[in-house]
Every structure is written in C-alpha cells, then in structure tokens.
Amino acid sequence: IEVLTIGVGSTPTCSVPPPHLAGVDEWHPGNFLYYDTSQVALGSCGLESVAVRVLTRVVGHYPKSNTLLIDCGWTGASAQGKESGYGW
C-alpha cells in the first residue's frame, strides 16, 4: 500500500513534536488554539497560554468544603481539569 499522506493528531504532539515525526504531512491538533489545564499538566503549554477563561458570579462560599457556588451554565464549567483542582 502506497502511503501518500502521513497525518498525526493530538494537541501534545502538535505543541511539542517529537523528533521521530519528521516527514509528517498533516497535523490535526485538538484544542491547540485554546489549550486548557489538562494541556498545562501534560507540558504542552504554560498556564499563560490558556486562551479561554470563564467569568462568572460567585453566589456562595463554603470554606469547610473549599467550595464555591457559581452562577454559570453547564457549558461554562466541566469536570475537565479536576485532577488539577479545577472543575467539579
């Protein structure tokens, strides 16, 4: 089988390409344009490169559980980043 085009994906691969991928024709990053805390944890970028932030109102503060209650729709917050102390 003749391979005409070689493509790879994933944000970490596109952010910090390993040397053995010389000759790749196409790159297909996921959230490369915006980044997130998962990419920071992987070393794809620094926190200063995360482009998207959510601004919302804090409506409750519960110090015993180290929790804030926010007035934000579900698309503004997710469990992604939980391992880094962000999200649910």
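This text goes with the structure placed above it.
This one's a predicted model, so the numbers in the text were calculated from it and none came from an experiment.

Participant: How should I be thinking about the overall build of the chain in this particular structure?
Facilitator: A count of helical and extended segments in the chain gives two helices and four strands. Counting every position in the chain, which comprises 88 residues, the buried fraction comes to 19%. Accessible area for the chain stands at about 6,900 Å²; split by element, carbon and sulfur atoms hold 60% of it.

Participant: Is there a simple way to explain the environment of glycine 73 in this structure?
Facilitator: As for its position among the elements, glycine 73 is in the segment after strand 4 (67-71). We classify glycine 73 as partly exposed; its relative accessible area is 45%. When the C-alpha positions of glycine 73 and threonine 56 are compared, they lie 9.3 Å apart, and in sequence the two are 17 residues distant.

Participant: When you look at the pattern of salt bridges in this model, what are you seeing that I'm missing?
Facilitator: A side chain with one charge may pair with a side chain of the opposite charge, provided their charged atoms come close. Under the definition given, this model contains one salt bridge. With a shortest N-O distance of 2.2 Å, aspartate 71 and arginine 57 are connected by a salt bridge. Here aspartate 71 is found in strand 4, whereas its partner arginine 57 is found in strand 3 (residues 57-62), with 14 residues between them in sequence. With relative accessibility at 54%, the residue arginine 57 sits in the exposed group.

Participant: Help me out: how do you make sense of the pairing of strand 3 in this one?
Facilitator: Each regular strand carries side chains that alternate between the two faces of the sheet. Note: strand 3 against strand 4, five bridges, orientation antiparallel. Counted as the bridge partner of tyrosine 62 is threonine 67 from strand 4. A loop of four residues connects strand 3 with strand 4, the two strands running antiparallel in sequence, and asparagine 66 in this loop sits at a positive phi of about 55°.

What counts as what
Residues numbered from 1 in each chain as written. Predicted model: local features only at pLDDT ≥ 70, side-chain atom pairs only at ≥ 80, totals over all residues. Heavy atoms only, no water. Helix = DSSP H or I, 4+ residues; strand = E, 2+ residues; numbered from the N terminus. Buried < 20%, exposed > 50% of the residue type's maximum accessible area, 1.4 Å probe, protein only. Areas by Shrake-Rupley, 256 points an atom, 1.4 Å probe, with all protein chains shown as cover. Salt bridge = Lys/Arg side-chain N within 4 Å of Asp/Glu carboxyl O. Pairing = 2+ DSSP bridges.

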